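# Structural features, examined
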Amino acid sequence: GDVYTITSSDRKARRAYQRAYTLLEKSGHEDLLFDTFSTPVRIDPEHISPICLQVRPSSAPEDTVTFYAEATFTVREDGSVRQIDVVDANVPNVYRQNFRSKMQRMRYRPRIVDGEPVETSGLLFHQPFRIIPLTKGKVEISSQMPGENL
């Protein structure tokens, strides 16, 4: 079902998840059933890497080493992400908006209850941001994730 979810073939994904759920349930693999379907699982590998900052935020204290944004969100029955709310961040607004846009493109294996995909809200996602030095004394100017073309 994960491949169908990534490619937005929602009906095929639903059938594949239902089939897998039923097989695991009938075979008595309760632990595997719980591990696989009790909570949404991110399945879009393009959005795992840290986001690169253009420059160190001027408002950040000098001793700040870790930059991040955290958001609450909902995974719908089809694995898409909605209702994204950035709840904490120490990066400028432009990067918060970039982070929110990337989250909207993420795909998840939905939570399955009694063989049916269900919407799950109140999830939390932590996105690291990094400043990548090019050479001594210089900073790479990029807001793209590795391998991404905006």
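Everything in this summary refers to the structure shown in the same document. (Residues numbered from 1 in each chain as written. Predicted model: local features only at pLDDT ≥ 70, side-chain atom pairs only at ≥ 80, totals over all residues. Heavy atoms only, no water.)

Summing up its helical and strand segments, the chain has four helices and eight strands in all. When the helices and strands of the chain are read in sequence order from the N terminus, they spell out α-α-α-β-β-β-β-α-β-β-β-β. In the chain, which comprises 150 residues, the proportion classed as buried is 37%. Here the contacts in the chain between residues at least 6 apart in sequence split such that 69% fall between residues at least 24 apart. (Helix = DSSP H or I, 4+ residues; strand = E, 2+ residues; numbered from the N terminus. Buried < 20%, exposed > 50% of the residue type's maximum accessible area, 1.4 Å probe, protein only. Contact = heavy atoms within 4.5 Å.)

Relative to the helices and strands, Thr22 is located in helix H2 (residues 10-26). With a relative accessible area of 30%, Thr22 lands in the partly exposed category. Taking the C-alpha atoms as reference points, Thr22 and Leu33, separated by eleven residues in sequence, lie 9.2 Å from one another. Within the local environment of Thr22, its side chain forms a polar contact with the backbone oxygen of Gln18, the two atoms lying 2.9 Å apart. (Polar contact = N/O pair within 3.5 Å; in protein donor to acceptor, adjacent residues only side chain to side chain.)

Below, the discussion takes up the pairing of strand S3 (residues 67-75). Within S3, seven of the nine residues are buried, which leaves it mostly tucked inside the rest of the structure. Here S3 pairs with strand S8 (residues 120-130) via eight bridges, running antiparallel. When the sheet's bridge partners are listed, Phe67 is paired in S8 with Phe129. Between S3 and strand S4 (residues 81-89), which pair antiparallel one after the other, the connecting turn spans five residues, and Gly79 there sits at a positive phi close to 90°. (Pairing = 2+ DSSP bridges.)

This part takes up the pattern of salt bridges. When charged atoms on two side chains of opposite charge get close, those side chains can pair. In total, this model carries three salt bridges according to the counting rule given. With its nearest N and O atoms 2.7 Å apart, the salt bridge here joins Arg109 to Asp2. Here the residue Arg109 occupies a position in strand S5 (residues 108-109), and Asp2 occupies one in helix H1 (residues 2-6), the gap between them amounting to 107 residues. Residue classification places Asp2 among the partly exposed positions, given a relative accessible area of 22%. Arg14 is paired through a salt bridge with Glu116; the nearest N and O atoms lie 2.8 Å apart. Of the two residues, Arg14 is situated in helix H2 and Glu116 in strand S7 (residues 116-118); the sequence distance between them amounts to 102 residues. (Salt bridge = Lys/Arg side-chain N within 4 Å of Asp/Glu carboxyl O.)

Turning our eyes to something else, we now look at helix H4 (residues 93-104). Helix length check: H4, at twelve residues, gives a terminal C-alpha distance of 17 Å against a target of 16 Å (1.5 Å per residue), a fit within 8%. Its buried side turned inward, H4 meets strand S2 (51-52), S3, S4 and S8. (Expected span 1.5 Å × (residues − 1).)

Turning our eyes to something else, we now look at the packing of aromatic side chains. The final tally for this structure, using the stated rule, is five aromatic pairs. On the basis of an interplanar angle of 50° and a centroid distance of 6.0 Å, the ring pair of Tyr21 and Phe37 is categorised as tilted. In this pair, Tyr21 is assigned in helix H2 and Phe37 in helix H3 (residues 30-37), connecting sequence segments 16 residues apart. Phe37 carries the same exposure label as Tyr21, and that label is buried. Pairing Tyr95 with Phe129 gives two aromatic rings, centres 6.3 Å apart and planes at 80°, and the pair type is edge-to-face. Separated by 34 residues along the polypeptide, Tyr95 in helix H4 and Phe129 in strand S8 bring together distant segments of the chain. Phe129 gets classed as buried once you look at its relative accessible area, which sits at 4%. Through successive ring pairs, a cluster of aromatic residues spans Tyr17, Tyr21 and Phe37. (Phe/Tyr/Trp six-rings, centres within 6.5 Å; stacked < 30°, edge-to-face > 60°.)

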